[in-house]
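The residues making up each chain are set out below.
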Amino acid sequence: MAIKHFTHTDYYSASLTRYADLTHLRTNTNSAIFSVYTAGVTIECMFRAYITKYTKEFDSKHDLEKLYAKSLLGSEFDTNEKEQLTIAVKKANEIWTNDLRYASEKRMKRIIAHKNVKANLNDVNKYIERDFSAIFDATELIIEKGKVKWT
Amino acid sequence: MDLIDRITKILNEIEDLQRPIIDLHYDNQKNVVGHITDEKFKSFSNEDSQKLIWTNLKKNLDSDDLIKVIAIFHETPLERVERLNGYKPKDAQTSNFWFHQTPELAKYWLYIDVAKFGEDFKSFFLVISEKNNVNKGLTFVYNKEVLDFMELEQNEIYDELYSNTFGNAEAEIKLDLMNKYENLLSQQLYGKANMYWYVYEDFKLTPISKNQLFFTEKEISIIEKGLKSIDDFSIKKDIESAIKKSRLVNQMRTEIK
């Protein structure tokens, strides 16, 4: 059944639910790809919650930088916090794309490997760990900030 | 002065940046959001890049203006190409030689190959444009551990490495042409009045055969320099033989004149 309309509380609740899913998923190395995908969706839901609540604009695209700007979440914070949030969004956007939902584990590994080879990094044991900790830390910060200002 | 103009001026005056492209806009609430692109961000961490931006904003804007700045994302020129062009699947065709000619008749040559060296696989690209003074090359090395990590079957390696290398090479060419677009934009040439508009919507590289390779003397000099840093890929021989052939023809043309 197609759902035509999500409210800001739907998005907010979804963000917290996905975040709880993520906390569970990231402990299981077999769910690595899905946990990265879930991290991005968690962030996206939080931004969409703010967008729906404050600006009523709908954006069908899944660009985290654009969604963050539209959410106005940054306007709730001082310059130092805006700086931290921008870094977190940038890092998440470097790793996450909505297309990850179609990515097999092999494809994900190949994407990560190409990126690391280009940067002349050859220690494969650190490939996944580096990307994963970056996006999980970013998610944690964004969700924390989103929760603080949610009324 | 308008806030975006003032921020643009501040960001343009950051000494640590080379040639920033600044793309800012107002949202519906008159807040400022956007991007700043510069090659220097390649060597800075995300943290250092944002620190550089915000330190300069804080130094030059009062608190009422700072409240209106939501986010200015830093990016390298290649990240900009990816953001503006997105991912477009490449034609299934593979070729070692590609060609593009701009509306100003500048020629871009792209040479690309994948080969096995011992246990490693390597891929490389070389992009040359004599008129636009471009000579960019990159070699990617995939050792056994990396190939195992990628779970590549033997019959998949060539296509996988070729496809990634082609994407990187194409982005380098687009980047150069996007810079030309920006230069014309600063002369108030918008939309299709800007002859490089096509880079964003309709950019194509044309595959060519090795028999079609023909170079001017100036191109030969750039290509020879570029080839020095490239491993012993088999297409080097094809290029070297095309250079010899081109030299002969160039010499004959000079004699006829």
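Remember, it's a predicted structure, so these values are computed and weren't measured experimentally. (Residues numbered from 1 in each chain as written. Chains lettered and ligands numbered in written order. Predicted model: local features only at pLDDT ≥ 70, side-chain atom pairs only at ≥ 80, totals over all residues.)

**Student:** Outline the overall build of chain B, listing residues and values.
**Tutor:** Looking only at helices and strands, chain B has 9 helices and 8 strands in total. Taking the principal axes of the C-alpha coordinates as reference, chain B spans close to 65 × 55 × 30 Å. With 257 residues in all, chain B has 28% of them scored as buried. In chain B, the share of contacts with a sequence separation of at least 24, taken over all contacts with a separation of at least 6, comes to 60%. (Helix = DSSP H or I, 4+ residues; strand = E, 2+ residues; numbered from the N terminus. Buried ≥ 20, exposed ≤ 12 C-beta atoms within 10 Å, placed from the backbone. Contact = placed C-beta atoms within 7 Å.)

**Student:** How would you explain the overall build of chain A if you had to name every residue and give the values?
**Tutor:** From N to C terminus, chain A includes 6 helices and 0 strands. For chain A, the succession of helices and strands along the chain, N to C, is α-α-α-α-α-α. For 151 residues, the compact-globule estimate of 2.2 N^0.38 gives 15 Å, and chain A sits close to it at 16 Å. Over its C-alpha atoms, taken along the principal directions, chain A stretches across nearly 45 × 45 × 25 Å. Intrachain contacts of chain A at a sequence separation of at least 6 include 64% that bridge at least 24 residues. (Rg over C-alpha atoms; globule rule 2.2 N^0.38 Å.)

**Student:** Describe the interface of chain B and chain A, with residues and values.
**Tutor:** Opposite the 25 residues of chain B that make contact, chain A presents 25 residues. Within the residue set of the side of chain B that touches chain A, elements represented by two or more residues are α2 (46-60), β3 (69-75), β7 (134-142), α5 (144-149) and α6 (154-185) of chain B. Ranked by the residues each element gives to the side of chain B that touches chain A, the list is headed by α2 of chain B, at 5 residues. Here the side of chain B that touches chain A is composed, by residue class, of 12 nonpolar, 7 polar and 6 charged. (Nonpolar A, V, L, I, M, F, W, Y, C, P; charged D, E, K, R; others polar.)

**Student:** Describe the pairing of strand β4 (residues 97-101) of chain B, listing the residues and the values that go with them.
**Tutor:** On a regular strand, each side chain points to the face opposite its neighbour's, so the side chains alternate between the two faces of the sheet. Residue and element names in this part refer to chain B. Where β4 meets strand β5 (residues 107-117), 5 bridges bridge the pair, whose relative direction is antiparallel. Bridged to W98 within β5 is L110. What sits between the antiparallel neighbours β4 and β5 is a turn of 5 residues, in which L105 has the positive phi angle 65 degrees. In terms of strand pairing, β4 meets strand β8 (residues 206-207) through 2 bridges, oriented antiparallel. Residue pairing in the sheet places F99 in a bridge with T206 of β8. (Pairing = 2+ DSSP bridges.)

**Student:** For unusual backbone geometry, give the residues involved together with the corresponding values.
**Tutor:** Residues other than glycine seldom take positive phi values, yet L72 of chain A does so here, at roughly 65 degrees. By the element assignment, L72 of chain A lies in the loop between α3 (64-71) and α4 (79-95). In this structure L72 of chain A comes out as buried when scored by C-beta crowding, with 21 C-beta atoms within 10 Å. One non-glycine residue, L105 of chain B, lies in positive phi territory at about 65 degrees.

**Student:** Quick one: what's the story with the sheet that holds strand β6 (residues 120-129) of chain B, residue by residue and with numbers?
**Tutor:** Residue and element names in this part refer to chain B. The strand order β7-β6-β5-β4-β8 describes an open sheet built from 5 strands, whose pairing is antiparallel. Single-partner strands in this sheet number two, and they are β7 and β8. Judged from the 9 bridges that link them, β6 and β7 form a sheet pairing that is antiparallel. Paired with V127 across the two strands is K136, which belongs to β7.

**Student:** Quick rundown of the domain arrangement of chain B? Include the residues and the values.
**Tutor:** If you check the domain split of chain B, you get domain 1 (3-75) and domain 2 (97-256). Just the C-alpha atoms count here: the centres of domain 1 of chain B and domain 2 of chain B sit 33 Å apart. (Domains from an automatic or database assignment.)

**Student:** Summarise the nonpolar core; cite the residues concerned and give the values.
**Tutor:** Most often, soluble globular proteins have nonpolar side chains that are buried together. Grouped together as the largest cluster of nonpolar side chains are 44 residues, with contacts concentrated most on F47, Y68 and A92 of chain A. By residue number, the principal contributor to this core is helix α2 (residues 32-55) of chain A, which donates 11 residues. Residues in contact with Y68 of chain A, not counting those within four places in the same chain, are F47, L73, G74 and V89 of chain A together with A71 of chain B. Ranked by size, the runner-up nonpolar core spans 27 residues in total, among them W98, Y108, L110 and F125 of chain B. (Core = buried A, V, L, I, M, F, W, Y, C linked by C-beta atoms within 7 Å.)

**Student:** Break down the sheet that holds strand β1 (residues 21-26) of chain B for me, with residues and values.
**Tutor:** Two orientations exist for strands paired in a sheet by backbone hydrogen bonds: parallel and antiparallel. All names here are of chain B. Judged by pairing direction, the sheet is mixed, and its 3 strands sit side by side in the order β1-β2-β3 without closing on themselves. Each of the sheet's edge strands pairs with one partner strand only, and the pair in question is β1 and β3. For this sheet, the mean inter-axis angle between neighbouring strands, taken without regard to orientation, is 15 degrees. As paired strands, β1 and strand β2 (residues 32-37) are joined by 6 bridges and run antiparallel to one another. Bridging across to β2, L24 finds its partner in G34. (Axes fitted to C-alpha atoms, helices over the stretch in contact; angles between N-to-C directions.)

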